[in-house]
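Here's the letter readout for the chains.
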Amino acid sequence: MSDFRDVRPAPSSEADGTQEKIVGALAVYESPDRLADALVAVRQSGLTRFDTVSPYPLHGLDHLLGKSPSRLGYVAAIAGIAATAIAKLAQWWTSAVDYPLNIGGSPLFSLPAFVPVTFELMVLFASIATVVGMLAVFNGLPQYGSALLRSRHMKALTCNRYGIVVDAKDGEFDPHATSDLLGGTGAMSVELLKRENVSRFYRERILSVPFLLLLVGVAIFSSTATRMVYRYGGEIPPFDFMKRQPKVSAQQVSAVFPDGLGTRSGVPGTVARGSLPYAFAGDPERAGQELINPFKASHEVMTRGRAQYGVFCQPCHGRLADGRGTLTTAFPKAPTLHSRKAREWSDGRIYAVLTEGQNIMPAYVSQISGKDRWQIIHYLRAMQRSQNAPERDLQ
Amino acid sequence: MKQVPSAPGHDVAFDQELLAQIDDDIAAPMRVPPGKLWWAAIAFTSSLMLLGFALMGYTAYRGIGVWGNNSPVFWAFPIVNFVFWIGIGHAGTLISAILFLFRQPWRNAIARFAEAMTIFAVMTAGLFPLIHMGRPWLAHWVFPVPNDMSLWVNFRSPLVWDVFAISTYFTVSLLFWYVGLIPDLAAMRERAVTKVHRVVYSLLSWGWTGLNRHWRHYERAYLILAGVSTPLVVSVHTIVSFDFATSVIPGWHTTILPPYFVAGAVFSGFAMVMTVLIILRRLFRIEHLITIRHLEYMNKVILATGLMVGYAYLVEMFTAWYSAEEPERFMLLNRLTGPYAWAFAVMFTCNVIVPQVHWFKKARTSLPIMFVVSILVNVGMWFERFVIIVTSLHRDFLPASWGLYAPTLVDFGILAGSFGMFFTLVLIFVRALPVISMTEVKATIPGSQMTRRRHSPSELPDVEDGIHV
Amino acid sequence: MSPIEEIKHSLAESAGLDRRRFLAILSASLAAASSGCNRLSERGEIVSYRVQPEGVLPGVSQAYASSLPGYPHAPAVLVFTRDGRPIKIEGNPDHPASGGATDAYSQAATLDLYDPDRLGKPLYKGQQSNWKDADGQIRAALKQAAASRERILLITPALVSPAARSVVQRFQTAWGSVTHLTLEMFHSGEALRGRRMVHGEPSTSRVNWDKARRVLGCECDFLGPAGRVADHAGFAARRRPEDGEMIRLWVAEGAMTSTGAKADHRLPVRPSAQPRLLLWLLAELVRDERQPLASNADIRSLLTQLGVSSEEVGLPKDVLEALRADLVGDPHRSCVLAGDQLPWYTHSLAAAVNSGLGNEGTALSSVVPSPAQLSVPAPDEWAATVDELRRGQFGAVLCMMANPVYSLSADLGFATALENAPLVVSSSLLPSETTAKAQWILPAAHDLESWGDNDDHPGLLTLQQPTLSPLFESRQWEQMLLAWLPENQLTTPDYGAYLKSRWETEVYPVAGAAEDFDRFWQAALHDGFIKTNSPAPPVVHKIDPTGLSEAVGEARRLNSPELELLIVPGSRTYDGRFANNGWLQELPNPVTTQVWGNGAVVSEKTAQRLNRLEGELVEFSVEGRSVTIPLLVEPGVADDVVLVEAGYARKTAGSVGTGVGFDAKPLTSNSGGISPWLYTGVTARAAQGSAVLVRVQGHHDTKGRSMVQEIEAAGWLKLAGAKTVHTAKTSPSSWEYKGHKWGLAVDLAACTGCGACTIACVAENNIPVVGAEQVRRGREMHWIRLDRYYVGKPENPRVVHQPMMCQQCDFAPCEKVCPVAATVHSPEGLDEMVYNRCVGTRYCANNCPYKVRRFNFLDFHDKRSPAELIFNPEVTVRRRGVMEKCTFCVQRIAAGRLKAKIEGRPLRDGDIQTACQQACPAGAIVFGDLNDPQSRVHKLAASRRGYLALGELGVQPAVTYLSATRNPCPGLKI
């Protein structure tokens with residue numbers, strides 16, 4: 001009983017102005033059996049807000065405390081089911097809806113192949129839910145501020161002693177009476193649990209300026225770093241997604257050639273396939289006499305000619321070849337092609353114009369293939385004829 | 001182990017000091033500064049680890065070409081190591097979860113350590129898929145995270161299954177292990193010698209005080225985790241085996257791989273636990289906690305799983321022969337007589353023949369023998385993976401594309417590095433955390449529970465939940 | 001030049017501002033704007049044409065008809081350029097000698113062009129110099145030589161170009177005493193001599209593949225990599241049983257060659273035994289009075305006394321009988337071919353047999369040899385010249401594109417004799433053994449940078465036009481000679497102009513063209529060749545008995561103790577000129593599958609007799625000359641025969657080719673053995689040490705698996721209606737391919753394993769060279785490889801070549817296992833590889849049953865300038881860590897589709913050709929749309945010979961193989 005006396009609250013404790021307040025009482029017992037006996041006594045005393053403390057689970061206490069087993073299982077079950085559903089949905093949506101791909105000819109929603117991931121996610125969610133539920137929800141941890149932790153018996157209570165702790169919020173609780181009561185249950189010792197104002201811990205540690213500044217600093221740093229990595233990291237080989245290609249693509253520079261141009265022009269005097277030099281350069285009249293249209297007017301020829309006319313000629317010469325093109329504001333007005341001159345020109349003569357251009361009209365030799373030029377001419381002929389049809393057409 | 005003077009019925013009789021004694025023994029390594037031996041050990045292992053990391057960096061810089069991998073052997077050492085280490089991990093979960101469900105009290109002594117090994121092994125294993133990539137800096141692409149390509153992963157690929165399996169396995173093992181640790185951390189918090197210890201242990205123990213309410217939910221949580229871990233551990237190595245089983249390559253394309261892999265994993269895992277425990281119990285003088293009896297049980301498991309593995313080998317041969325598929329049969333022939341027949345020989349000897357000594361109690365209970373056996377089993381299991389991967393790949397369908405494989409020094413360096421990493425983690429663990437669960441040991445020694453059953457006083461007001469002190 | 005400068009530039013020089021110039025400036029300024037505001041990724045200028053050449057569209061390829069006289073058989077080609085840079089070589093489809101196909105050498109021409117080792121500037125005694133000094137000093141030296149009565153030695157390759165020959169002539173007349181010797185390590189000198197002996201005049205003959213039924217090849221590798229494209233095509237055309245009767249090919253050879261691989265009956269016969277075989281055949285022929293030869297009494301008597309019995313031939317009686325019956329059975333449509341490496345009398349006998357068969361005009365047609373062939377000097381000419389050179393009678397030695405120091409036999413002592421010449425000039429593409437000994441090293445222009453013409457193909461005059469103005473300060477050698485004429489005779493320095501004017505004066509008048517010369521000339525350039533009236537065919541039916549008796553005497557006298565060593569053109573390096581070409585070095589030998597080197601190919605029995613293993617060094621010596629070469633043990637080689645490929649062990653060849661392989665040259669002598677390339681009485685001695693010989697294939701038999709299938713012509717009919725194995729379709733994919741479904745058909749009956757497809761693929765798809773060490777480790781990058789299998793007994797196996805590329809499976813195992821979906825199926829059935837999505841797990845490659853996926857284990861590409869110009873701009877250059885594989889030339893598919901769209905028409909079958917298909921001389925590869933019932937590939941896929949490789953796996957390949965075919969004599973087993 002010796003140590004029973006010296007745990008009484010020292011009368012000085014209120015006087016010295018510390019903000020400690022008594023939150024409960026702790027009785028320490030030396031064996032599980034002693035604890036159990038005491039427990040019965042305490043319950044009979046009418047106290048209701050109390051619990052036992054032990055270094056390891058003591059089986060049978062739930063029974064004495066009239067507690068039913070934990071409901072943690074439901075949490076796990078719900079989490080698991082949810083996970084299963086989420087996993088299946090996610091796999092279906094990603095593979096079959098959001099970005100459907102033909103992978104090895106397998107169906108978009110390959111159910112059997114999607115089972116393993118589903119299972120793993122189920123296990124994962126269930127476990128996490130269980131642990132979080134147990135610690136945070138059911139046990140209300142963390143409790144770094146708990147008065148028990150500051151008890152000088154705590155070490156023993158995590159090793160080889162057993163305790164009953166009574167909460168001061170209990171209606172029946174009174175420091176002296178409860179201490180006496182506990183002392184009477186064969187406790188090795190009884191201690192009144194005091195706790196300083198918990199909020200101070202947060203005020204001084206968490207909300208302190210340096211800590212907050214630290215947080216801000218970390219935030220700024222990490223975001224900047226991320227930005228930098230994304231912005232520049234992706235430009236440095238080999239992280240550049242093969243953007244830097246050693247090959248010399250069209251219109252690129254190349255260090256190999258003294259003038260730095262990767263785009264070379266062919267050697268003078270050489271002749272590429274399908275591009276025989278134009279024979280009548282500078283002599284459209286001779287072209288007019290010697291060149292004859294290799295195409296016969298046909299539906300295909302007309303359609304092709306019309307299409308090409310629409311691409312290359314229409315902007316200046318207009319849809320009806322009447323010189324009312326859409327570009328006439330930007331460029332000098334193109335002449336109508338229904339003029340007597342144009343109509344009397346031979347196909348070859350017109351071909352010459354298309355090939356070499358005349359006046360402001362540029363040469364189209366490198367834009368329109370020879371075939372197309374002839375077919376355009378056919379279409380042009382049709383238009384001319386439609387505009388000023390000879391008698392026999394009208395009958 | 002000290003004799004416990006237990007006298008049922010007499011309630012003060014049992015030796016409370018024994019509990020303190022247990023705590024002291026287990027906590028000792030964390031409280032006394034490490035000795036020369038430990039420093040020497042960690043110096044060695046960590047330098048191995050650094051060597052490994054350096055070589056991994058070199059690989060990332062130069063390309064996979066610094067390894068022996070080639071066509072047709074596109075996978076080799078790194079994947080062998082990966083499967084090997086994942087396998088090692090399985091013992092931990094098996095001991096802590098499955099044996100727990102089977103209420104095997106002898107597990108308590110080794111569970112904590114085995115779980116720790118699981119985590120370290122999975123960490124080590126996890127490195128290999130990463131460094132094995134041709135462009136490791138894009139490793140995050142194997143996770144289904146929204147990205148600028150608005151492209152997802154291919155959920156049909158066993159490698160994606162791996163990603164989920166391994167990460168889940170690691171997370172769950174970690175949780176399981178940590179939950180088990182919390183009460184012990186609380187105990188350590190109270191026994192902390194330095195301030196650092198105190199702060200760290202307090203933070204980690206979440207202010208655990210051991211209220212009955214805590215214990216009630218805690219035990220249920222532990223049960224649930226054990227419950228989900230058991231199918232998990234089976235699924236993980238099954239999925240690892242799918243990497244091979246779902247392919248078309250002769251020697252890979254076989255349905256026996258999943259059970260065979262799981263058995264093999266447990267086999268190698270137990271062997272590794274064995275190897276390390278034998279050393280540990282000696283170093284930290286905890287022979288009375290991890291007794292010969294424990295080790296003998298483990299030897300029995302090793303023998304059993306060894307037989308399963310051996311059976312798998314034989315069945316594989318039979319099916320290859322029975323299939324009448326020329327490539328399958330040739331694969332079998334090539335394993336037995338081909339250029340890598342020696343690997344098969346090593347595998348078969350170490351995994352099937354050597355463990356047979358454990359039929360004899362003498363061998364099961366003799367430390368030197370079981371130590372040698374455990375090491376040989378690990379060698380054998382490493383070679384099993386080598387045989388499965390390299391021997392199957394190097395000669396598949398078209399004889400014209402057959403080739404040979406020869407590892408480079410870098411390959412060996414990285415293998416050594418993985419062992420360095422694993423043992424470095426183990427060495428730090430034994431100094432930082434209780435290698436044996438104080439709580440479980442204390443809770444299960446005779447007399448540590450109530451000896452008499454009492455009637456709960458009825459017609460009394462209920463005890464309210466959630467006291468807050 | 002930066003865009004800004006360019007604008008200034010163009011403004012400065014632009015008098016008027018026509019619209020095109022205006023647009024050019026506009027685009028340039030846009031480029032300037034865009035490159036002004038750049039993210040790092042957008043850095044890099046855009047420079048457009050200031051004046052866009054007509055018909056040139058940036059990024060659109062253009063074809064130029066040309067030819068490559070510097071390559072074997074002077075192939076006629078189309079050079080495809082992009083932005084004025086040669087990127088890809090294809091055959092000239094209009095040219096009879098090409099038909100659109102090419103061999104591997106010409107496919108690799110672009111790499112020679114962009115070889116970083118090329119000589120860039122004139123060098124004088126190792127010091128950089130310039131052309132002005134070079135021309136001046138060399139002309140001075142020539143003048144001095146002429147003044148001091150010293151002679152000038154001009155060494156060139158055999159000149160296929162009339163223009164070049166005329167240049168040489170001008171040079172000779174200008175400087176007086178100029179000795180011109182042409183140098184070819186491999187030529188048809190023996191053949192010409194042999195035929196002259198019996199016919200009185202030299203001639204060469206070609207097989208008429210459409211008419212011939214039976215062909216006996218004696219050590220004649222006409223289907224080898226160095227064979228003529230036309231022969232590959234002609235032969236292949238007669239190997240498809242569904243296209244009528246198959247030709248039957250007998251091959252008697254000591255070495256195992258590609259020709260032997262295609263033979264229906266292959267007889268392992270030592271080269272030295274070939275004359276006896278032919279002599280026996282001849283004797284058998286004349287035994288029948290009705291034979292034209294038999295009418296000639298002298299010949300008859302000669303052969304009755306001197307003909308050999310079948311025992312002396314050393315072949316089983318039934319085989320010989322079958323052979324005789326086969327040839328005599330249909331004499332006019334049977335023929336005998338003798339290989340160029342065989343001694344002259346073999347050719348005499350072969351010629352006699354042919355005229356005995358009376359097959360001229362049917363199975364064979366003889367032509368007058370080209371001037372190039374005739375120009376090859378006799379050995380004693382060389383001996384005399386070198387002797388004079390040693391005695392210092394030559395004031396100057398000009399080695400133009402020739403490498404005598406390497407090519408000539410060592411015992412000639414040319415290298416040492418060269419030191420007595422005051423001036424040695426060597427013009428070459430690359431550093432060579434000869435440039436190492438020359439004071440003046442002059443960079444020569446590559447064929448793709450040169451003008452020229454050639455008359456190598458009878459009845460045709462083929463033109464050569466440059467497709468790129470010289471990359472370096474190089475000139476073509478003809479131009480150098482023109483520049484070194486005495487001042488008073490100097491004409492245009494531009495060889496192009498010279499060529500044109502020569503055509504105007506020499507060719508145009510006789511061509512009888514209607515249009516004016518300019519049109520004629522342009523048309524000729526456009527087509528790449530003109531037809532000329534071919535010379536009168538030589539008289540080959542009559543046989544001169546005296547000549548024949550001499551030949552018979554030689555043939556009977558010939559016996560070979562010990563080993564005999566045969567030197568053949570390097571299948572990849574030819575005579576060494578391609579030693580520095582990485583593409584060719586890394587192209588596996590069609591028979592041994594060896595890369596990056598050669599070896600002494602011997603039979604297993606011979607190796608055992610020498611008691612050495614493959615790779616172990618053996619010293620071969622004859623008459624005191626000796627070489628040390630590692631053994632390469634190969635099935636099918638006749639015992640006691642050693643085959644060595646020439647063109648290796650270059651001492652100076654550039655960074656790639658120097659010191660690769662082993663050289664048999666030191667064994668040869670200028671006077672030659674049995675022939676310049678055949679040496680008997682060779683003794684072998686085990687030498688110390690060994691060498692690493694890299695074979696791509698580690699395994700050579702089929703293990704009885706069904707990826708390659710053969711059928712016999714006889715069995716073909718029985719096959720009627722029956723489905724071949726593995727064509728049975730498994731469960732249809734849940735995906736159906738509307739529109740196009742691309743597929744490939746590969747005809748194993750046609751494939752000769754020449755490897756042109758592989759190089760074409762390498763050139764088209766930017767595939768890197770990895771080097772011998774990496775190949776040894778099994779990391780070659782070829783997208784299409786040639787698997788070579790031996791079937792049957794190792795002494796004389798059958799050989800099947802199987803081109804193996806990505807099979808584009810419908811149920812692609814590779815796609816299913818990729819974690820990041822980096823390889824997926826296209827709507828047109830292509831198994832697409834998305835390089836940039838690939839993280840490099842290599843799982844796909846593991847799961848590929850065909851092992852056709854390639855991984856960039858390291859960064860393999862050559863970083864030296866101007867190697868980057870080799871890349872095809874249409875194809876991504878892959879980096880390390882990325883998987884790659886055959887794409888069915890997806891860029892060509894896109895281009896074809898686009899072209900059809902622009903021309904406003906649907907895609908037609910044949911519009912799209914994969915690079916491998918385009919190059920294949922045998923037409924063994926056909927690409928097309930499987931959904932189009934009219935397409936060739938669709939028909940071939942349905943062929944009764946068609947089967948799917950590893951079809952039993954059910955991966956549904958898009959590639960159909962057509963089984964290889966044999967046409968053996970019924971009942972004859974060899």
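Reading guide: rules and limits
Residues numbered from 1 in each chain as written. Chains lettered and ligands numbered in written order. Predicted model: local features only at pLDDT ≥ 70, side-chain atom pairs only at ≥ 80, totals over all residues. Heavy atoms only, no water. Helix = DSSP H or I, 4+ residues; strand = E, 2+ residues; numbered from the N terminus. Rg over C-alpha atoms; globule rule 2.2 N^0.38 Å. Buried < 20%, exposed > 50% of the residue type's maximum accessible area, 1.4 Å probe, protein only. Contact = heavy atoms within 4.5 Å. Polar contact = N/O pair within 3.5 Å; in protein donor to acceptor, adjacent residues only side chain to side chain. Pairing = 2+ DSSP bridges. Axes fitted to C-alpha atoms, helices over the stretch in contact; angles between N-to-C directions. pLDDT = per-residue confidence, 0-100. Right-handed = clockwise from strand over helix to strand, strands pointing away. Buried area = accessible area lost by both parts, 1.4 Å probe. Salt bridge = Lys/Arg side-chain N within 4 Å of Asp/Glu carboxyl O. Nonpolar A, V, L, I, M, F, W, Y, C, P; charged D, E, K, R; others polar. Phe/Tyr/Trp six-rings, centres within 6.5 Å; stacked < 30°, edge-to-face > 60°. Expected span 1.5 Å × (residues − 1). Bend = angle between axes of the 7 residues up to and from the residue. Left-handed = near helix turned anticlockwise from the far one by under 90°. Patch = residues over 30% accessible without salt bridge, like charges linked within 9 Å, V, L, I, M, F, W, Y side chains within 5 Å. Areas by Shrake-Rupley, 256 points an atom, 1.4 Å probe, with all protein chains shown as cover. Disulfide = S-S within 2.5 Å.

So, on to the overall build of chain B. Looking only at helices and strands, chain B has 15 helices and zero strands in total. Its C-alpha atoms give chain B a radius of gyration of 25 Å, within 12% of the compact-globule value 23 Å for 469 residues. Projected onto its principal axes, the C-alpha coordinates of chain B cover approximately 85 × 60 × 55 Å. Here chain B, with 469 residues, has 65% of them falling under the buried criterion. Residue pairs at least 24 apart in sequence account for 80% of intrachain contacts in chain B once pairs closer than 6 positions are excluded.

Quick look at the side chain of C:H265 now. With respect to the helices, strands and loops of the structure, C:H265 is situated in strand 11 (residues 265–268). Within the structure, the side chain of C:H265 is placed 2.7 Å from the backbone nitrogen of C:C969, a separation counted as a polar contact.

Now for the side chain of B:T254. Residue and element names in this part refer to chain B. Inspection of the secondary structure puts T254 in the loop between helix 7 (212–245) and helix 8 (257–283). Judged by relative accessible area, which is 16%, T254 ranks as buried. Within the structure, the side chain of T254 is placed 3.3 Å from the backbone nitrogen of I256, a separation counted as a polar contact.

Moving on, we come to the sheet that holds strand 10 (residues 248–253) of chain C. All names here are of chain C. Taken together, four strands build an open sheet; the order of strands is 11-10-9-12 and the sheet is parallel. The sheet is open, and its two edges are formed by strand 11 and strand 12 (334–338), each paired on a single side. Taken over all neighbouring pairs, the strand axes of this sheet differ in orientation by 15° on average, direction set aside. Alignment of strand 9 (residues 214–218) against strand 12, held across five bridges, turns out to be parallel. Its bridge partner being in strand 12, C218 is matched across the sheet by A338.

With that out of the way, let us pick up the confidence of the model for chain B. Looking at chain B as a whole, the pLDDT averages 88, with 96% of positions reaching at least 70. Contacts of residues 1–13 of chain B to residues separated by more than four positions or lying in other chains number 19 contacts, the stretch itself having pLDDT below 50.

All names here are of chain C. Counting buried residues in strand 7 (residues 178–182) gives four out of five residues, a clear majority hidden from the surface. Where strand 6 (residues 151–156) meets strand 7, five bridges bridge the pair, whose relative direction is parallel. From the neighbouring strand, I152 faces strand 7, where its bridge partner is V178. With helix 6 (residues 162–175) bridging strand 6 and the parallel strand 7, this β-α-β connection has right-handed handedness.

Taken together, the contacts link 56 residues of chain A with 72 residues of chain C. Between chain A and chain C the total buried area reaches about 5500 Å² when both faces are included, carbon and sulfur atoms providing 59% of it. Interface area lost by chain A to chain C is led by A:N102, A:M242 and A:R273, which between them contribute 15%. Joining chain A to chain C, the criterion identifies two salt bridges. A salt bridge links A:D240 to C:R879, with the shortest nitrogen-to-oxygen separation between them at 2.9 Å. If you look at where chain A meets chain C, you find 23 residue pairs in polar contact (both at pLDDT 80 or more). By residue class, the composition of the side of chain A that touches chain C is 28 nonpolar, 18 polar and ten charged.

Right, let's get into the packing of aromatic side chains. Scanning all chains against the criterion turns up 77 aromatic pairs over all chains. Between B:F244 and B:W252 the ring centres are 4.8 Å apart and the planes differ by 80°, which places this aromatic pair in the edge-to-face class. Plain terms: the ring middles of B:F318 and B:Y322 are 5.3 Å apart, the flat faces sit at 15° to each other, and that makes the pair stacked. Placement of the pair is B:F318 and B:Y322 together in helix 9 (residues 292–323), with a separation of four residues, close to one helical turn. An aromatic cluster of three or more residues is present, and its members are B:W75, B:F244, B:W252, B:Y260, B:F261, B:Y313, B:F344, B:F348 and C:Y843.

This part takes up the interface of chain B and chain A. Listed as interface residues are 81 residues of chain B and, on the opposing side, 92 residues of chain A. For the pair chain B and chain A, the summed buried area comes to about 8200 Å², and 63% of that belongs to carbon and sulfur atoms. Connecting chain B to chain A are one salt bridge. In this structure, the salt-bridge partner of B:R216 is A:D62, at a minimum N-O distance of 4.0 Å. On inspection of chain B and its partner chain A, the count reaches 23 residue pairs in polar contact (both at pLDDT 80 or more). The set of elements that each furnish at least two residues to the side of chain B that touches chain A consists of helix 1 (16–31), helix 5 (158–191), helix 6 (195–205), helix 7 and helix 15 (438–444) of chain B. Class assignment of the residues belonging to the side of chain B that touches chain A gives a composition of 41 nonpolar, 21 polar and 19 charged.

It is worth spelling out helix 7 of chain B at this point. Here helix 7 of chain B contains 34 residues, and its C-alpha end-to-end distance of 49 Å stays within 8% of the 50 Å for a straight helix at 1.5 Å per residue. The axis of helix 7 of chain B is deflected most strongly, by about 25°, at B:S229, and proline B:P231 appears within four residues downstream.

Running from amino to carboxyl end, helix 5 (residues 72–98) of chain A crosses helix 7 of chain B at an angle of 35°, the nearest separation of the two axes being 9 Å. The interaxial crossing formed by helix 5 of chain A with helix 7 of chain B has right-handed handedness. Of the residues in helix 7 of chain B, those in contact with A:L72, A:G73 and A:A76 of helix 5 of chain A are B:H217, B:R220, B:A221 and B:I224.

Our next topic: a nonpolar patch on the surface. All names here are of chain A. Judged by side-chain polarity, I206, L207, F211, L212, L214, L215 and V218 come together as a nonpolar surface patch covering roughly 620 Å² of accessible area. Counting residues per element, the nonpolar patch draws most heavily on helix 11 (residues 209–232), at five residues. Summarising the element assignment, V218 is placed in helix 11. According to the relative accessible area criterion, V218 is partly exposed, its value standing at 48%.

All names here are of chain C. Evaluated as defined, the whole model comprises zero disulfides over all chains. Here C335 is not cross-linked by a disulfide; its sulfur's nearest cysteine counterpart is in C220, at 9.6 Å. Take C920: it sits in no disulfide, and the sulfur closest to it among the cysteines is that of C754, at 6.2 Å.

Residues and elements named next belong to chain C. Pairing is antiparallel across the open sheet formed by three strands, whose spatial order is 17-18-19. The two strands at the open ends of the sheet, each matched to only one other strand, are strand 17 (452–454) and strand 19 (529–531). Taken over all neighbouring pairs, the strand axes of this sheet differ in orientation by 20° on average, direction set aside. By the bridge criterion, three bridges tie strand 17 to strand 18 (residues 460–464) in an arrangement that is antiparallel. Among the inter-strand pairings, D453 is bridged to a residue of strand 18, identified as L463. Each of strand 18 and strand 19 touches helix 21 (residues 517–527); the most contacted strand, strand 19, lies at about 110° to it.

The predicted model of chain A has a mean per-residue pLDDT of 85, with 93% of residues at 70 or higher. Counting interchain partners and residues more than four positions distant, the pLDDT-below-50 stretch residues 1–17 of chain A has 17 contacts.

What follows is about unusual backbone geometry. Residue A:P142 is reached from A:L141 by a cis peptide bond, and omega for that bond is 0°. Inspection of the secondary structure puts A:P142 in the loop between helix 6 (111–138) and helix 7 (147–150).

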